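# Reading the structure
Now for the letters of each chain:
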Amino acid sequence: MSEETVIDTSQVWAWLGEVPDPEIPVISVVDLGIVRDVAFDGNAGDTGEWVVTITPTYSGCPAMQVIAEDVESALRARGLQRVRIATRLSPAWTTDWMSEAGKAALKGYGIAPPSQQVIDISALKHGVKRHAIQEPEVPCPHCGSRHTLAISQFGSTPCKALYRCLDCREPFDYFKCH
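The structure contained in this document is the topic of the report that follows. (Residues numbered from 1 in each chain as written. Predicted model: local features only at pLDDT ≥ 70, side-chain atom pairs only at ≥ 80, totals over all residues. Heavy atoms only, no water.)

### Focus: unusual backbone geometry
Here is the rule we go by: Each helix is a run of DSSP H or I of at least 4 residues and each strand a run of E of at least 2, with the numbering of both proceeding from the N terminus. We call a residue buried when its accessible area falls under 20% of the maximum for its residue type, exposed when it is over 50%, and partly exposed in between, using a 1.4 Å probe and counting protein chains only.
Between S90 and P91 the backbone carries a cis peptide bond, its omega angle lying at -5 degrees. Along the chain, the position of P91 falls in the loop between strand 3 (83-87) and helix 4 (100-109). For R169, which is not a glycine, the phi torsion comes out positive at approximately 70 degrees. For R169, the location among the structural elements is in the loop between strand 8 (160-165) and strand 9 (171-175). A relative accessible area of 54% places R169 in the exposed class.

And the structure:
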């Protein structure tokens, strides 16, 4: 049996949980929901490969190449020599895939995490249900006030909007629900 097949998939997930997002380094690519699947493709005794499936946060995300390289490098540094990155575009990534730990990390970094669920994928075989999107109530990640105002639908990256707190007066990014 090859050395790589002895490694448990949960261990690979844990290693990937240490790979930071290149644009927001306080959140991992796992907590962001970019890593969709981890699997060993091969049989015991076979020279198979680890396949890590990733999904971009939005079509054309410029960080995907860096993320793929970082994921591959992290696994190779742990001794996995046969690693393949697969990109899956469907279903499209949604902020609903972010972990609670990831949302807390965003808030601690000064970025308001998504405040509502957008897509229900729990019964994907029956089709995607889209929730009606209302103007979100975005609490300030600095002082917690809900007295905030959207300044621009585009923040430091296309997946974020720019807000300002009307109490502490601080500007902040809001990770838009999508």
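### Some details on the sheet that holds strand 3
The condition is simple: By definition, two strands form a pair when at least two bridges between them are found by DSSP. To get an axis, a line is fitted to the C-alpha atoms, and for a helix only the part in contact is used. The angle between two axes follows their N-to-C directions and goes from 0 to 180 degrees.
Strand order in this open sheet of three strands is 1-2-3, and the pairing throughout is mixed. A single partner strand is all that each edge strand has here, and the edge strands are strand 1 (35-41) and strand 3. Neighbouring strand axes in the sheet, compared pairwise and without regard to direction, differ in orientation by 20 degrees on average. Summarising the sheet, strand 2 (residues 49-54) and strand 3 pair through five bridges and their orientation is parallel.

### Overview of the environment of F175
By the element assignment, F175 lies in strand 9. Spatially, the C-alpha atom of F175 lies 6.2 Å from that of C159, the residues being 16 residues apart in sequence.

### Quick notes on the pattern of salt bridges
Definition in use: For this document, the term salt bridge refers to a Lys or Arg side-chain nitrogen within 4 Å of an Asp or Glu carboxyl oxygen.
What the rule picks out here adds up to six salt bridges. The shortest N-O distance in the salt bridge between D41 and R84 comes to 3.9 Å. Taken together, the positions of D41 in strand 1 and R84 in strand 3 put the pair 43 residues apart, joining distant regions of the chain. Looking at D41, the relative accessible area reads 44%, which means it is partly exposed.

### Quick look at the sheet that holds strand 7 (residues 148-152)
One open sheet holds the four strands; their spatial order is 4-9-8-7, and the pairing between them is mixed. Pairing within the sheet leaves two strands with one partner each, and these edge strands are strand 4 (111-112) and strand 7. Bridge analysis of strand 8 against strand 9 gives five bridges, and the strand direction is antiparallel. Bridge assignment links R164 to a residue of strand 9, and that residue is P171.

### Quick notes on helix 4
To keep things clear, this is the line we draw: The arc in question is traced by the directions running from the helix axis to the C-beta atoms. The contact criterion used throughout is that any non-hydrogen atoms of two residues lie within 4.5 Å.
Residues of helix 4 that are buried include every one of G102, K103 and L106, and no others. The arc that holds the buried residues of helix 4, viewed along the axis, is 100 degrees, so those residues lie on one side. Across helix 4 from its buried face, at more than 90 degrees, point the exposed residues E100 and G108. On its buried side, helix 4 packs onto strand 4 and strand 9. Directly after helix 4, the chain includes G110, whose backbone phi takes a positive value near 100 degrees.

### So, helix 2 (residues 9-16)
Burial in helix 2 covers these residues: V12, W15 and L16. In an axial view of helix 2, the angular spread of the buried residues amounts to 100 degrees, which keeps them on one side of the axis. In this fold, the buried residues of helix 2 make contact with strand 1, strand 2 and helix 3 (64-77).

### Re the packing of aromatic side chains
Each pair of aromatic rings is reported with the distance of its centres and the angle of its planes. The condition that has to hold: Any two of the Phe, Tyr and Trp rings considered here, Trp counted by its six-membered ring, make a pair once their centres fall within 6.5 Å; the pair's planes then place it as stacked at under 30 degrees, edge-to-face at over 60, or tilted in between.
Inspection of the entire model under this criterion finds four aromatic pairs. For the pair Y163 and F172, a centre-to-centre distance of 5.9 Å together with 25 degrees between the ring planes defines the contact as stacked. Comparing Y163 with F172 shows no difference in burial state: the two are buried. An aromatic cluster of three or more residues is present, and its members are Y163, F172 and Y174.

Functional significance is not addressed by these values, which are geometric in nature.
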